[in-house]
Amino acid sequence: MAPTPHVQPVVDSTAVFKPNLFKGKVLFCTGGGSGICKAMTEAVMRHGASATIVGRKLDRLAQAAEELSKATGQQCMPAQADVRQFNQLQDAVAKTIERFGKIDFVICGAAGNFLAPIDGLSVNGFKTVIEIDTIGTYNTIKATLHHIRASKGSYIHVSATLHYKGTPYQVHVSAAKAAVDATSAVLAVEEGPHGVRSNVIAPGPIGGTEGMDRLSPKGPAQQSVYPRLPAGRLGDVRDIANATVFLFSDAASFVTGQVIVVDGGHEHLRGPSLPYPESVLDPNTFKHMIKPRL
Ligand code: COA
């Protein structure tokens, strides 16, 4: 019988980090109304922070803010803004300062994605994703930097891994996320002397998200796109949330300008020459091909 691979368990950050780690801190998160960014916000709030979540759809944001407040016992304010509109972001920042008095942490998470080949993508389609992901990130930095300098705070940018290689149908997102990674590095270097840190989280395949649902095949076909990962499972939004808690904490005070890939080892898994993970778990099955020299 084939050996079973180990599956790394998912944990909640409160089982690892102090519950009051972020007491009195304030988070400003774009894209916080749903998915990965909502889970990142929830984790930071569970450790005592208040938060503003920013997005385009006010009804969805208001509902998410209510859910987040209820789940964490902390205050969460919805602020409607399109990250492409700098003045709307400035308003959201002003409302945050009025309500909470400061901003310590920023998550630049608002993003747009769809599958389209270069040949079939309109000029406006490419520009739209660059505007949301790249220019939206820059606008968010620009609107908050003054406050983050004052609090000696920290940025996390939500990027991706798909631009490390040529990912078909993702030219717009690949270009946009590469620019986000570069922006974070410059921010870390320019603002480090002011006490500001900036890092990127690059999520791998995260199950149950809108992006995963819409951008990857369903059922058995998913197994061929995301073969069994070294971690033994797909990612969970809590995996990204846990990395967020670490990066915003003082334990990461020497970590800046980095891209933290949270993908269960996916990026390092090449198309195997032998069946994976069977050939690693039980090399004997393949001893006619693997010749150890002791
Ligand atoms: N395939 C090809 N082109 C697409 C597209 C798709 N699925 N979706 C949008 N576009 C193109 C549009 O055709 C338009 O170009 P055109 O004027 O040449 O026709 C351009 O992108 C702008 O689209 P529009 O819907 O008007 O812009 P928007 O600002 O309202 O929304 C997105 C842009 C990317 C946010 C939108 O596609 C969307 O809602 N995506 C789902 C949400 C999402 O991506 N969440 C992130 C999860 S990872």
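Residues numbered from 1 in each chain as written. Predicted model: local features only at pLDDT ≥ 70, side-chain atom pairs only at ≥ 80, totals over all residues. Heavy atoms only, no water.

An unreviewed UniProt entry annotates the protein as 2,4-dienoyl-CoA reductase [(3E)-enoyl-CoA-producing] originating from Ceriporiopsis subvermispora.

### Brief notes about the packing of aromatic side chains
Across all of its chains, the model carries 2 aromatic pairs by this definition. Pairing Phe105 with Phe248 gives two aromatic rings, centres 4.3 Å apart and planes at 15°, and the pair type is stacked. A residue pair is termed long-range when its members are at least 10 positions apart, and Phe105 in strand β4 (residues 105-108) and Phe248 in helix α8 (residues 237-248) qualify at 143 residues. Through pairs of rings, three or more aromatic residues link up here, namely Phe22, Phe105 and Phe248. (Phe/Tyr/Trp six-rings, centres within 6.5 Å; stacked < 30°, edge-to-face > 60°. Helix = DSSP H or I, 4+ residues; strand = E, 2+ residues; numbered from the N terminus.)

### A word on the nonpolar core
In terms of nonpolar packing, the biggest core is built from 31 residues, with Leu27, Met40, Ile201 and Phe248 touching the most fellow members. Residue assignment for this core shows that the elements contributing at least two residues are β1 (26-30), α1 (35-46), β2 (50-55), α2 (58-72), β4, β5 (154-158) and α8. When sequence neighbours within four positions are dropped, the list of residues in contact with Met40 reads Ile107, Ile156, Val158, Ile201, Ile240, Ala241 and Thr244. Of all hydrophobic cores here, the second largest spans 19 residues; its members include Phe28, Ile132, Ile141 and Ala143. (Core = buried A, V, L, I, M, F, W, Y, C linked by side-chain atoms within 4.5 Å. Buried < 20%, exposed > 50% of the residue type's maximum accessible area, 1.4 Å probe, protein only. Contact = heavy atoms within 4.5 Å.)

### Re the pattern of salt bridges
The final tally for this structure, using the stated rule, is 12 salt bridges. Across the pair Arg233 and Asp239 runs a salt bridge whose closest N-O atoms are separated by 2.8 Å. Residues joined by salt bridges that share partners form a network here, namely Asp12, Asp236 and Arg238. (Salt bridge = Lys/Arg side-chain N within 4 Å of Asp/Glu carboxyl O.)

### Points about the packing of α1 against α8
In a pair of packed helices, the angle between the axes and the distance between the axes together describe the arrangement. Contact geometry for α1 and α8: axes closest at 8 Å, N-to-C directions at 50°. If you check the angle between α1 and α8, you find them oblique. You can see that α1 and α8 cross each other, and the crossing is right-handed. Note on element contacts: α8 touches α1 through Val237, Ile240, Ala241, Thr244, Val245 and Phe248, opposite Gly35, Ile36, Ala39, Met40, Ala43 and Val44. In terms of residue class, the contact of α1 with α8 is built from 10 nonpolar, 2 polar and no charged. (Axes fitted to C-alpha atoms, helices over the stretch in contact; angles between N-to-C directions. Parallel < 35°, antiparallel > 145°, perpendicular 65-115°, else oblique. Left-handed = near helix turned anticlockwise from the far one by under 90°. Nonpolar A, V, L, I, M, F, W, Y, C, P; charged D, E, K, R; others polar.)

### Brief notes about the environment of Ile141
By the secondary structure assignment, Ile141 is in helix α4 (residues 123-151). With a relative accessible area of 6%, Ile141 lands in the buried category. As for Ile141 and Gly219, which are separated by 78 residues in sequence, their C-alpha atoms are 39 Å apart. With near-sequence residues (within four places) excluded, Ile141 lies in contact with Cys108, Tyr155, His157, Thr183 and Leu187.

### Overview of a nonpolar patch on the surface
Together, Tyr164, Val259 and Val261 line one region of the surface with nonpolar side chains, adding up to about 210 Å² of accessible area. Inspection of the secondary structure puts Tyr164 in the loop between β5 and α5 (171-191). (Patch = residues over 30% accessible without salt bridge, like charges linked within 9 Å, V, L, I, M, F, W, Y side chains within 5 Å. Areas by Shrake-Rupley, 256 points an atom, 1.4 Å probe, with all protein chains shown as cover.)

### Some words on the side chain of Ser279
Among the secondary structure elements, Ser279 is positioned in helix α9 (residues 278-281). Note on Ser279: relative accessible area 11%, which makes it buried. A polar side-chain atom of Ser279 sits 2.6 Å from the main-chain carbonyl oxygen of Pro275. (Polar contact = N/O pair within 3.5 Å; in protein donor to acceptor, adjacent residues only side chain to side chain.)

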